[in-house]
Amino acid sequence: MNNLSAKAAAPLLEVRNLRVEFPTRRGTLTALDDVSFSIRAGEVLGVVGESGAGKSMTGAAIIGLLEPPGRIARGEILLDGQRIDNLPREKMRRIRGKQIGAIFQDPLTTLNPLYTVGRQLQETILTHLPMTPAQARARAIHWLEEVGIPGAAQRIDSYPHEFSGGMRQRVVIALALCAEPRLVVADEPTTALDVSIQAQIIALLKRLTREHGTAVMLVTHDMGVIAETADRVAVMYAGRLAEIGPVREVVKAPRHPYSAGLMASIPPLDRKVEHLAQIDGAMPRLSAIPRGCAYYPRCPHVFERCRVERPDLIDAGTTRAACWLHDPASEKQVPFSGTGSTVHV
Amino acid sequence: MSDTARSQGAGQPPMLEVRDVARYFDVSRPLLQRLLAREGKRTLRAVDGISFAIPRGTTLSLVGESGCGKSTVARLAVGLYGTTRGEVVFDGNDLSSARADAAQRRRMQMIFQDPYASLNPRWRVLDIVAEPLRAFGLLPDRAAREKRVGELLTQVGLSPADGQKFPHEFSGGQRQRISIARALSSNPEFLVCDEPTSALDVSVQAQILNLMKDLQRRMGLTYLFISHNLAVVRQVSDRIGVMYLGRLVELAPSETLFEAPRHPYTRALMEAIPDLDMTGRERIPVGGEVPSPISPPSGCAFNPRCPLANDRCRRERPGMTRAGATLVACHAVEEGRDRQ
């Protein structure tokens, strides 16, 4: 871990003030607003939030696969210091796969049902690496072994439907990693899987990215998965970052009231509680995001300033939170404390 | 099966009793193809001989991975599927005869997983919630019906004015509240909830679980709760059944199951759940995958993945044996091999 800190100065991925808009007949919707974060080589950044918060959208913007008419309206995305958000389609296609691998939720829709998995792996390898077809095939078998598919040399000529869900997701991981990308964007990679298979896939993803020094952006709504896998976490709400910081801090002593509510509403496995903590209400629609802080209508600590002025990320101990409670200039100060032992502010 | 006798209250039959129920599906290919390929018939044993009872006012949960048959049990419990073998007894009466009687039928209702698919998008909420009332002819007077719908909506945390809206105007959590209001409209005593919070975000899931527990306390409802999420199940259940490949492998009071899981599969399942306290911890996941229910392994269905499997496990299917308050189907537990 320590030798990584030398490289810490130059993040592998940097997202600066990213804003994604969807023009519609009823006006422009802002799906992502002023999102900034970075990921270092070998680091796993977890991205959590409710559905519609913009987690997947952020991933799609990074790999250059925003669904039209969505477009990047402001900000920039840098991979290794190079801007990749404004590249022509063909150039971006070469970066995708070679530099950035993608893993999606549903392995059945990611794989082409008409081609054998071997052909799909070989195609990816040949597109991005200088190899002969025979070399590519050997490498494809190597990757299938690497992701734990038994009898890889025989299974390489099977079609996706001949694999089970867990095995298919292994193939998808092999596909994402076979060109040795430096960044992997994994969007809900285990959500479609059963818990026992999910544990296998997480262990696999952790091992491979650690061995290859790959940076990972892990998008999921499952906090348990994040807690086990990520180094840092970004919590998103209504298209903005609510909080970002080391995973232990955000899980155990969240500084943003939304993160705190989110953590508290997870049913505990180790005990029964009479009444689960719940966040009342629902996340606002994109067309009706309130002025000021988007969370204020649901926030138990709301005060006047929250209703009129939108907070940016503010240093809050070891994390950064977009909440006026952490602004030294606010007269109202942190009335809540995290669930953990860490003392803050 | 001895468990069924132990129902709560003196002389009152349990709300639901399931006795050695099985449900098979014919998944053979069409006749001609079968003849050409010289294949026999193929049967999928979705549920293969399970027994449990749910005392009044309590919640029994069934957990397991996809394909274990838990949703099939949910459908068997309300009579949406008939049984291949065994019987389902609802409040002392055989379910197939109970279902022929509308007065019995209205006493059971179901809540489904996906609130986006289970509400008709072209109906107003008022009509959706009032549908069981109309179907059972409970409140013929329109004004009385609307008043009742207003009460139901209030009960689930919505407002009577929401009756005029369409489902698309609501979020996922609100839609699930509408499903619950609809299920409650015929004044049922028994609710089957098939993954009612799986499609919802975690903060909304907490709202719905709290609502369901609150309604149970107020109205004395009996729940059969189906879920794959053990943490959710712990919050709502009195008793829990763990299913694997169409069979119950363990049935125990909720706290007992979590304090002292006995079956190797139950333990593996609990071990596999990522939880918030173990930041950075390495785990050893259970290997392998759930086998196909079309060709289940011989003996104990879990034996290919079980660390304790021996010859007997591969040969002989274990029956339910009692271990304290727990019923468990495992040779290793029966022989004491799990404590070594």
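Residues numbered from 1 in each chain as written. Chains lettered and ligands numbered in written order. Predicted model: local features only at pLDDT ≥ 70, side-chain atom pairs only at ≥ 80, totals over all residues. Heavy atoms only, no water.

### Topic: the overall build of chain B
- Secondary structure summary: chain B contains 13 helices and 12 strands in total.
- What you see for chain B is a C-alpha radius of gyration of 22 Å, in line with the 20 Å of a compact globule of 340 residues.
- Each principal axis of the C-alpha atoms in chain B carries an extent, and together these give about 70 × 55 × 45 Å.
- Put simply, chain B has 340 residues, and 54% of those count as buried.
- For chain B, the proportion of contacts with a sequence separation of at least 24, taken over those separated by at least 6, is 66%.
- As displayed, chain B offers around 14,300 Å² of accessible surface, 51% of which is attributable to carbon and sulfur atoms.
- Taking the average location of the 46 positive side-chain charges in chain B and that of its 38 negative ones, the two points are 4 Å from each other. (Helix = DSSP H or I, 4+ residues; strand = E, 2+ residues; numbered from the N terminus. Rg over C-alpha atoms; globule rule 2.2 N^0.38 Å. Buried < 20%, exposed > 50% of the residue type's maximum accessible area, 1.4 Å probe, protein only. Contact = heavy atoms within 4.5 Å. Areas by Shrake-Rupley, 256 points an atom, 1.4 Å probe, with all protein chains shown as cover. Lys, Arg positive; Asp, Glu negative; His and termini not counted. Charge placed at Lys NZ, Arg CZ, Asp CG, Glu CD.)

### A word on the confidence of the model for chain A
Residue and element names in this part refer to chain A.
- In the predicted model, chain A carries a mean pLDDT of 88, and 93% of its residues have values of at least 70.
- Counted against residues more than four places away or in other chains, residues 1-8, with its pLDDT under 50, gives 3 contacts.
- Under a pLDDT of 50 for its full length, residues 337-345 has, in the predicted model, 19 contacts with residues more than four places off or in other chains. (pLDDT = per-residue confidence, 0-100.)

### Observations concerning the interface of chain B and chain A
- Counting residues at the interface gives 45 residues for chain B and 45 residues for chain A.
- Summed over both sides, the interface of chain B with chain A buries roughly 3,800 Å², with 50% coming from carbon and sulfur.
- Counting the contacts that link chain B with chain A gives 1 salt bridge.
- Here A:Glu274 ties to B:Arg217 by a salt bridge, and the two come within 3.4 Å at their closest N and O atoms.
- Linking chain B with chain A are 18 residue pairs in polar contact (both at pLDDT 80 or more).
- Contributions of two or more residues to the side of chain B that touches chain A are made by α8 (202-219), α9 (230-236), α10 (254-259) and α11 (264-272) of chain B.
- When the residues that make up the side of chain B that touches chain A are grouped by side-chain class, the tally is 18 nonpolar, 13 polar and 14 charged. (Buried area = accessible area lost by both parts, 1.4 Å probe. Salt bridge = Lys/Arg side-chain N within 4 Å of Asp/Glu carboxyl O. Polar contact = N/O pair within 3.5 Å; in protein donor to acceptor, adjacent residues only side chain to side chain. Nonpolar A, V, L, I, M, F, W, Y, C, P; charged D, E, K, R; others polar.)

### Details of the domain arrangement of chain A
Residue and element names in this part refer to chain A.
- When its domains are assigned, chain A resolves into domain 1 (2-230) and domain 2 (243-267 + 292-340).
- One C-alpha centre belongs to domain 1, the other to domain 2; they are set 30 Å apart.
- Contacts between the two partners involve 11 residues from domain 1, matched on the other side by 10 residues from domain 2.
- At the boundary of domain 1 with domain 2, total buried surface from both sides reaches about 720 Å², with 65% on carbon and sulfur atoms.
- Our enumeration of links across domain 1 and domain 2 arrives at 2 salt bridges.
- Connecting domain 1 to domain 2 are 2 residue pairs in polar contact (both at pLDDT 80 or more).
- When residues of the side of domain 1 that touches domain 2 are traced back to their parent elements, those giving at least two are β2 (27-39), β3 (44-48) and α9 (223-229).
- Residue composition of the side of domain 1 that touches domain 2, by class: 7 nonpolar, 1 polar and 3 charged. (Domains from an automatic or database assignment.)

### A word on the packing of aromatic side chains
Residues and elements named next belong to chain B.
- If you walk through the whole model with that rule in mind, you get 8 aromatic pairs over all chains.
- Between Tyr244 and Tyr265, the ring centres sit 4.4 Å apart and the planes meet at 55°, which makes this aromatic pair tilted. Taken together, the positions of Tyr244 in strand β9 (residues 239-244) and Tyr265 in helix α11 put the pair 21 residues apart, joining distant regions of the chain. Each member of the pair, Tyr244 together with Tyr265, is buried. (Phe/Tyr/Trp six-rings, centres within 6.5 Å; stacked < 30°, edge-to-face > 60°.)

### Some thoughts on the UniProt feature "domain: ABC transporter" (unreviewed entry) in chain B
- Within the UniProt annotation, "domain: ABC transporter" (unreviewed entry) is assigned to residues 16-270 of chain B.
- The span residues 16-270 of chain B is 39% helix and 25% strand, and its two end C-alpha atoms sit 28 Å from each other. (UniProt positions renumbered as here; feature names shortened; annotations may be inferred.)

### Things to note about helix α4 (residues 117-128) of chain A
All names here are of chain A.
- Taking 1.5 Å per residue as the helical rise, α4 with its 12 residues ought to reach 16 Å, and the 17 Å between its terminal C-alpha atoms agrees with that figure.
- Those residues of α4 lying buried are Val117, Gly118, Gln120, Leu121, Gln122, Thr124, Ile125 and His128.
- Buried residues along α4 sit against α2 (89-98), α5 (133-146), α6 (152-155) and α7 (165-177). (Expected span 1.5 Å × (residues − 1).)

### Quick word on the sheet that holds β2(A)
Residues and elements named next belong to chain A.
- The strand order β2-β1-β4-β5 describes an open sheet built from 4 strands, whose pairing is antiparallel. A strand with exactly one partner marks an edge of an open sheet, and here the two such strands are β2 and β5 (82-83).
- In the sheet, strand β4 (residues 71-79) pairs with β5 via 2 bridges, with the strands oriented antiparallel. Residue pairing across strands places Leu78 opposite Arg83, the latter belonging to β5.
- Helix-sheet contacts for helix α1 (residues 55-62) involve β1 (13-24), β2 and β4, and the interaxial angle to β1 is about 110°. (Pairing = 2+ DSSP bridges. Axes fitted to C-alpha atoms, helices over the stretch in contact; angles between N-to-C directions.)

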